[in-house]
Amino acid sequence: MELENKVALVTGAGSGIGQAIALRLAEAGAHIIVNDLDAQSAKKTVAILNGQDACNMAIQADISDPEAVGSMVAEGVKRFKTIDILVNNAGIGGASIMVADLPPEAWDQAMAVNLKGAFNCCQAVIPLMQQCGWGKIVNIASLAASRMSKLGGADYTAAKYGLVGLSHHLAFELATHGINVNVICPGATLTPLVESKTTEGFRTEVAAQIPLNRWVTPEDIAEAALFLASDRAAMITGVVLGVDGGQLLGIASDYKEDLKRRTETSA
Ligand code: NAD
């Protein structure tokens, strides 16, 4: 198995895309440290993983808090000795509010989780990877980082662009240590949460905007994450990989409709 004896920390792995990534990396032989803000959902993911005979652990931590991240990494190292793979997946969606109305606290929160959270985890894990001379960092940004978020606000878009910028710097700085850093930009991804919050009509409408004619699944993202976390991608670093079914190619929104929706949400 290609990730046998590797240890992977996946943030926000209690649900959605993060959970699918944790399952896929475990299938490939890695031991998984399942992080989530929500302790129960992290434990649930570990319960699913343990059915696959692997050795995994759940750690509740808020990635926006550097001290909590430090303790999480120390706990993981106590159990597994090191961390070879870091998937910065945890994120929160910003609300679709116009910039003029965006509460500064919402901006700070989007930055704290979506950008600084990844920074905190990288800072804590990089020394371990440098010691081994091998490491893979996979950052989950968004299609929003290619232009702008269709549903989220400027806070989300700016944070995800920031994550791409951070990844480019890290890829450059860490290459000589045998550490690859790459980004995945998911398009509209049908997680259980998205499914529970949307109508069938909306889902059909979104699928129609995707050239490959369906929503991305969490498993599609997980497959890309496994590739980037493996030595099949040994010579790939600093790359931004869109997994969006061609959604970016076809991006053409009804400007007036979109603006109207944003204005109404803001009001
Ligand atoms: P999700 O809400 O289902 O899962 C996110 C997980 O992160 C949750 O379990 C949540 O508890 C956890 N989390 C939130 N804040 C945290 C914190 N401070 N510390 C630790 N964990 C925290 O979301 P998802 O749709 O699976 O999204 C996963 C990632 O993919 C996010 O970064 C998101 O921005 C990105 N993304 C999602 C889509 C999509 O369409 N679903 C599209 C583009 C990008």
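Cut-off values and rules
- Numbering of residues starts from 1 in every chain and runs along the sequence as written.
- Thresholds applied to this predicted model are a pLDDT of at least 70 for local features of residues and 80 or more for the giving and counting of side-chain atom pairs; totals over whole chains, interfaces and linings are not thresholded and use all residues.
- For side-chain calculations, the full set of non-hydrogen atoms in the structure is used, while hydrogens and water are omitted.
- Secondary structure follows DSSP: runs of H or I at least 4 residues long count as helices, runs of E at least 2 residues long count as strands, and numbering of each begins at the N terminus.
- We compute the radius of gyration from the C-alpha atoms alone; for a globule the expected value is 2.2 Å times N to the 0.38, where N is the number of residues.
- Categorising residues by exposure relies on relative accessible area from a 1.4 Å probe, with only protein chains included: less than 20% of the type maximum marks a residue as buried, more than 50% marks it as exposed, and the intermediate range marks it as partly exposed.
- Every residue pair with non-hydrogen atoms within 4.5 Å of one another is taken to be in contact.
- Note on areas: Shrake-Rupley, 1.4 Å probe, and residue coverage restricted to the protein chains presented here.
- To estimate how far a helix should extend, the number of its residues minus one is multiplied by 1.5 Å.
- The directions from the helix axis to the C-beta atoms form the arc being described.
- Here, strands pair whenever DSSP counts at least two bridges between them.
- Whenever a helix is involved, its axis is fitted only over the stretch in contact; in every case the axis is a line through C-alpha atoms, and angles between N-to-C directions fall within 0 to 180 degrees.

Broken down by element type, the protein chain carries nine helices and seven strands. Compactness check: the protein chain gives a C-alpha radius of gyration of 18 Å against a globular reference of 18 Å for 267 residues, within 12% of the reference. Counting only C-alpha atoms, the protein chain reaches 55 × 35 × 35 Å along its principal axes. The buried share of the protein chain, reckoned over its 267 residues, is 49%. The contacts in the protein chain between residues at least 6 apart in sequence include a share of 75% that link residues at least 24 apart. Only carbon and sulfur atoms are counted for the fraction: they give 58% of the accessible area of the protein chain, which is about 12,700 Å².

A few words now on helix α2 (residues 39–50). With twelve residues, α2 should reach 16 Å at 1.5 Å per residue; the first-to-last C-alpha distance of 16 Å fits that figure. Taken residue by residue, α2 has S41, A42, T45, V46 and L49 as its buried positions. All buried residues of α2 fall inside an arc of 145° around its axis, so they share one side. Facing away from the buried surface of α2 by more than 90 degrees, the exposed residues are Q40, K44 and A47. In this structure, the buried side of α2 is in contact with α1 (16–27), β2 (31–36) and β3 (57–60).

A few words now on the sheet that holds strand β7 (residues 240–243). Strands sit in the order β3-β2-β1-β4-β5-β6-β7 across an open sheet of seven strands; the sheet is parallel. Only two strands of the sheet have a single partner each, and these edge strands are β3 and β7. Strand-to-strand, the axes of this sheet are offset by a mean angle of 20°, without reference to chain direction. Direction of pairing for strand β1 (residues 7–10) relative to β2: parallel, over a ladder of four bridges. Looking across to β2, one finds that V7 is bridged to H31.

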